[in-house]
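Spelled out, the chains give:
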Amino acid sequence: GISIFEKDNQDETSKVLGTLTYIAPEQTGYLKSSPDNRSDIYSLGVIFYECLTGINPFNGKDEADIIHKHLTLNPPDLQTKFKNHPQAVQLNTILKKMLEKDILKRYADVGEILYDFEELLVVHFPLLAPLQFVMREDWLKQIINSIPALLKKKQTLLLIQGKYGSGKSFLMDK
């Protein structure tokens, strides 16, 4: 995560490593749940919220105040700040799930977040939605035909090259 607490075994004191305003609730040491990849999702949610609003929702007067906010307060809804934007409702839903206090209710991985952002793009910004890749079937056949040789451990080199954004990774995923 972006912030963690480290316990000093010699004198049983704790200290914060990282930036406290981005720490996930389970990283404070006050909850029974252990940090995992969902802790990073919480921190990313704080960053997204700050990028969209210009405000870190968990700023406080001191460390105790910041920790208290992470444990108990939810940031103000985006609909309050962006009243005339229809996408604010869906963005708010995504951010709320990223900033969920209960780690088990938070997004499990970044793939889930990407899926929801893609849905947001399709509904509200159809021109920005992921483009369909028009693949040449002969390219795919060449790749598929090279697989048996690779499995037999014959020396085979498959080189796929193209400009940035031309669909090389998409082709390999297929």
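Residues numbered from 1 in each chain as written. Predicted model: local features only at pLDDT ≥ 70, side-chain atom pairs only at ≥ 80, totals over all residues. Heavy atoms only, no water.

Right, let's talk about the side chain of R106 for a bit. Within the secondary structure, R106 is located in the loop between α4 (87-98) and α5 (110-124). In this structure, R106 is in contact with A24, P25, E26, R38, S39, I41, Y42, K97, M98, E100 and K101, ignoring residues within four places of it in sequence. (Helix = DSSP H or I, 4+ residues; strand = E, 2+ residues; numbered from the N terminus. Contact = heavy atoms within 4.5 Å.)

Tracing the sequence through the fold places K69 in helix α2 (residues 63-72). Looking at K69, its side chain comes within polar contact range of the main-chain oxygen of N59, at 2.6 Å. In this view, K69 contacts P57, F58, N59, G60 and K101; residues no more than four positions away in its chain are not counted. (Polar contact = N/O pair within 3.5 Å; in protein donor to acceptor, adjacent residues only side chain to side chain.)

Looking now at the pattern of salt bridges. Side chains that differ in charge, positive against negative, can pair when their charged atoms come close. Counting across every chain of the model gives four salt bridges. When the shortest N-O distance is used, the salt bridge between D36 and R38 registers 2.5 Å. Assessed through its relative accessible area of 29%, D36 is described here as partly exposed. Overall, the relative accessible area of 18% leaves R38 in the buried class. Taking the shortest distance from any N to any O, the salt bridge between D65 and K69 comes out at 3.8 Å. (Salt bridge = Lys/Arg side-chain N within 4 Å of Asp/Glu carboxyl O. Buried < 20%, exposed > 50% of the residue type's maximum accessible area, 1.4 Å probe, protein only.)

On to α2. For α2, the set of buried residues is D65, I66, I67, K69 and H70. Two or three places before A64, at the start of α2, stands the capping residue D62, its side-chain oxygen 3.3 Å from that residue's backbone nitrogen.

This part covers the packing of aromatic side chains. Inspection of the entire model under this criterion finds two aromatic pairs. Between Y42 and F58 the ring centres are 6.0 Å apart and the planes differ by 25 degrees, which places this aromatic pair in the stacked class. In this pair, Y42 sits in helix α1 (residues 37-53) while F58 sits in the loop between α1 and α2, placing the two residues 16 residues apart along the sequence. Residue F58 is classed as buried on the basis of its relative accessible area of 1%. Where F48 meets F117, the ring centres are 5.8 Å apart and the plane angle is 80 degrees; that geometry is what we call edge-to-face. With F48 in helix α1 and F117 in helix α5, this pair connects stretches of sequence that are 69 residues apart. Classification of F48 as partly exposed rests on a relative accessible area of 27%. K97 extends its terminal NZ or CZ atom over the ring of Y107, reaching a point 4.7 Å from the ring centre. (Phe/Tyr/Trp six-rings, centres within 6.5 Å; stacked < 30°, edge-to-face > 60°. Lys NZ or Arg CZ within 6 Å of the ring centre and 35° of its normal.)

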